[in-house]
Amino acid sequence: MVGTVTSQGGALGSAGDSDGWVEELFYSFFKSLVGKDVVVELKNDLSICGTLHSVDQYLNIKLTDISVTDPEKYPHMLSVKNCFIRGSVVRYVQLPADEVDTQLLQDAARKEALQQKQ
Amino acid sequence: LKMNYMPGTASLIEDIDKKHLVLLRDGRTLIGFLRSIDQFANLVLHQTVERIHVGKKYGDIPRGIFVVRGENVVLLGEIDLEKESDTPLQQVSIEEILEEQRVEQQTKLEAEKLKVQALKDRGLSIPRADTLDEY
């Protein structure tokens, strides 16, 4: 069968390293939210509610038990329970405020910014 | 036998050989069996059908094997085969759905023309967002 699969991203730099590899702050942030309910708004204006199943370094998102939040002018999604959303098409990821430790996030962002300066 | 090399990471590997719905950036909907993937979310779909929805009606155009470049993929949804047979939608012939689509596009175009003219009359315009992939 046709198919070559390469593992996601080869060498994953360790989070927050000063070796110039891409920032992984949001990747780590989303990983901490796995299992929570989120609403993903896409650039094509489609909004999808679901449970965050997994995320990867490209911030591709997998959701389970999805429902289209806006009025169902998107009938094609009726028989879909789980989906994979390409990171590049996400506009927003909406989360309830109590799921986010903003203090922790701010500290992590500051650390990341410092390390990137070096 | 499910091996996950990087636990917690989104992977399409388990989705292989399952029936999927793919939404493309140009608004098209493809349905087919996922046979191959890569890190760019390039896809190979087998026994693909292009499904056109107009209102509560839909029509399927057989397309064979599709290789989809990842940047065009909006989302990939696993089709639940039980829910699929439970649909309130009505399947019609290809000719009928294409006609319905033509009528729908025409109405949209006319509404758009009016809007653009109204904006133009006020000295405004909508910039086109031809998106480039960032990776």
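Note that this is a predicted model, so its numbers are computed, not measured.

A tally of regular secondary structure across chain B gives two helices and six strands. Counting helices and strands in the order they occur from the N terminus, chain B gives β-β-β-β-β-α-β-α. In chain B, 46% of the contacts between residues at least 6 apart in sequence involve partners at least 24 apart.

The next point concerns the overall build of chain A. A tally of regular secondary structure across chain A gives two helices and five strands. Along chain A, helices (α) and strands (β) appear in the sequence α-β-β-β-β-β-α when read from the amino end. The burial tally for chain A puts 38% of its 118 residues in the buried class. When contacts within chain A are restricted to residue pairs at least 6 apart in sequence, long-range pairs at least 24 apart make up 47% of them. Per element, the accessible surface of chain A, about 6,600 Å² overall, is 54% carbon and sulfur.

The strand order across the open sheet formed by eleven strands is E5(A)-E1(A)-E2(A)-E3(A)-E4(A)-E5(B)-E1(B)-E2(B)-E3(B)-E4(B)-E6(B), and the pairing between neighbours is mixed. Here the strands that pair on one side only, and so sit at the sheet edges, are strand E5 (90-94) of chain A together with strand E6 (90-91) of chain B. Relative to E5(A), strand E1 (residues 37-42) of chain A runs antiparallel, the two sharing four bridges. In the sheet register, A:Val39 faces E5(A), and the bridge partner there is A:Gln94.

Right, let's talk about the interface of chain B and chain A for a bit. Taken together, the 41 residues of chain B in the interface contact 35 residues of chain A. Here chain B packs against chain A, burying approximately 3,200 Å² in sum over the two surfaces, 61% of which is carbon and sulfur. Counting across the interface, chain B meets chain A through three salt bridges. When the shortest N-O distance is used, the salt bridge between A:Lys62 and B:Asp15 registers 2.9 Å. Across the contact surface, chain B and chain A share eleven residue pairs in polar contact (both at pLDDT 80 or more). Elements supplying a minimum of two residues to the side of chain B that touches chain A: strand E1 (19-24), strand E2 (29-37), strand E3 (43-54), strand E5 (73-79) and helix H1 (81-84) of chain B. Take the side of chain B that touches chain A: its biggest share by element is seven residues, from E5(B). Bridge count for strand E4 (residues 80-85) of chain A against E5(B) is five bridges, and the pairing is antiparallel.

The residues that UniProt annotates with the feature "coiled-coil region" (unreviewed entry) are residues 95-122 of chain B. Spanning residues 95-122 of chain B, this segment combines 96% helix with 0% strand, and its end C-alpha atoms are found 41 Å apart.

This paragraph deals with the pattern of salt bridges. Inspection of every chain in the model, using the stated rule, returns 15 salt bridges over all chains. Across the pair B:Glu50 and B:Arg63 runs a salt bridge whose closest N-O atoms are separated by 2.8 Å. Of the two residues, B:Glu50 sits in strand E3 while B:Arg63 sits in strand E4 (residues 57-68), which places them 13 residues apart along the sequence. For B:Glu50, a relative accessible area of 8% gives the class buried. With a relative accessible area of 39%, B:Arg63 lands in the partly exposed category. One connected set of salt bridges, linked through shared partners, spans A:Glu41, A:Asp45 and A:Arg91.

The rules behind these values
Once a new chain begins, its residue numbering starts again from 1 and follows that chain's sequence as written. Chain A is the first chain written and ligand 1 is the first ligand written, with later ones labelled in order. Where local features are concerned, this predicted model is filtered to residues with pLDDT of at least 70; where side-chain atom pairs are given and counted, the filter is 80 or more; whole-chain, interface and lining totals use all residues. Only hydrogens and water are set aside; all other atoms, that is, all heavy atoms of the structure, feed into the side-chain values. Runs of E in the DSSP output that reach at least two residues are strands. Runs of H or I that reach at least four are helices, and both are numbered from the N terminus. In what follows, a contact means two residues having at least one pair of non-hydrogen atoms within 4.5 Å. Think of it in three bands: with a 1.4 Å probe and only protein chains considered, a residue is buried below 20% of the maximum accessible area for its type, exposed above 50%, and partly exposed in between. Here the accessible surface of atoms and residues is derived via Shrake-Rupley with a 1.4 Å probe, and residues count as covered only by protein chains that are part of the display. Any two strands are treated as partners once DSSP identifies two or more bridges connecting them. Take the accessible area each of two parts loses on contact, using a 1.4 Å probe, and add the two losses: that sum is the buried area. Throughout this description, the term salt bridge denotes a Lys or Arg side-chain nitrogen within 4 Å of a carboxyl oxygen of Asp or Glu. For this analysis, a polar contact is any N or O atom pair within 3.5 Å, provided that within protein one partner can donate a hydrogen and the other can accept it, and provided that sequence-adjacent residues contribute only side-chain to side-chain pairs. UniProt positions are given in the numbering used here, feature names are shortened, and annotations may be inferred rather than shown by experiment.

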